[in-house]
Amino acid sequence: MNRYLAFAEDGTFSYVGNMYGIYGGGDGVLAAYTRITGTYRIEGDRLIATATKEATWDSRYFPKETVRNVNYSFLDQATFKIMGSFLILDYIIYPADAPEPTTMLLTSVRGD
């Protein structure tokens, strides 16, 4: 899985999660993706992000891209740290009945 998360100065963000090779295809074969856009703001070490549009595609189950307007907390209860070229996000996911703390480590690909 590859993840890309971009923040713009105008308070918008975009996220892409690509899944490869999950249906028996090779590692380089895109099998599914999720693309989320929305707005964000920073309060201290908190990242408050709201998803406003979501596009999903799955080569096996949803061969046509589905795009929908949404309104939900993206990276729920997120806090962040920047260490060198790394962005560390701590947030909550809900994989079943209970919340689960999760960490995402992203490497900057900015040119500066």
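Residues numbered from 1 in each chain as written. Predicted model: local features only at pLDDT ≥ 70, side-chain atom pairs only at ≥ 80, totals over all residues. Heavy atoms only, no water.

1. Focus on the environment of Glu100
Rules: Here a strand is any run of E in DSSP of at least two residues, a helix any run of H or I of at least four, and the numbering for each starts at the N terminus. Classification of residues uses two cut-offs on accessible area relative to the type maximum, computed with a 1.4 Å probe and protein chains only: under 20% is buried, over 50% is exposed, and between them is partly exposed. When checking whether two residues touch, look at their non-hydrogen atoms; a contact exists if any pair is within 4.5 Å.
By the element assignment, Glu100 lies in strand S7 (residues 100-107). Assessed through its relative accessible area of 40%, Glu100 is described here as partly exposed. Each residue touching Glu100, except ones within four places of it in the same chain, is listed here: Tyr91, Ile92, Ile93 and Pro95.

2. So, the nonpolar core
How we decide: For this analysis, a nonpolar core means a set of buried residues of the types Ala, Val, Leu, Ile, Met, Phe, Trp, Tyr and Cys, connected via side-chain atoms within 4.5 Å.
Leu5, Phe13, Phe74, Leu75 and Leu89 are the most contacted members of the largest nonpolar core, which has 17 residues in total. At four residues, the largest contribution of residues to this core is made by strand S5 (residues 62-83). Excluding residues that lie within four positions of it along the chain, Leu89 makes contacts with Leu5, Leu47, Leu75, Thr79, Phe80, Thr102, Thr103, Met104 and Leu106.

3. Remarks on the packing of aromatic side chains
Stated formally: Between rings of Phe, Tyr and Trp, where Trp is taken as its six-membered ring, a pair exists when centres lie within 6.5 Å; planes separated by under 30 degrees are stacked, by over 60 edge-to-face, and by other angles tilted. Throughout this description, the term charge over a ring refers to an Arg CZ or Lys NZ atom that lies within 6 Å of the ring centre and within 35 degrees of the ring normal.
Scanning the entire structure with this criterion turns up five aromatic pairs. Ring centres of Phe13 and Phe74 lie 5.0 Å apart, and the angle between their planes is 15 degrees; on these two criteria the pair is classed as stacked. Of the two residues, Phe13 is situated in strand S2 (residues 12-20) and Phe74 in strand S5; the sequence distance between them amounts to 61 residues. For the pair formed by Phe13 and Phe74, the shared burial category is buried. When the ring of Tyr15 is compared with that of Phe74, the centres are 5.4 Å apart and the planes differ by 55 degrees; the resulting orientation is tilted. Linking Tyr15 in strand S2 with Phe74 in strand S5, this pair joins segments that are 59 residues apart in sequence. Neither Tyr15 nor Phe74 differs from the other in exposure class; each is buried. Cation over ring: Arg35 sits above Tyr33, and NZ or CZ is 3.9 Å from the ring centre.

Geometric values such as these leave the question of function open.
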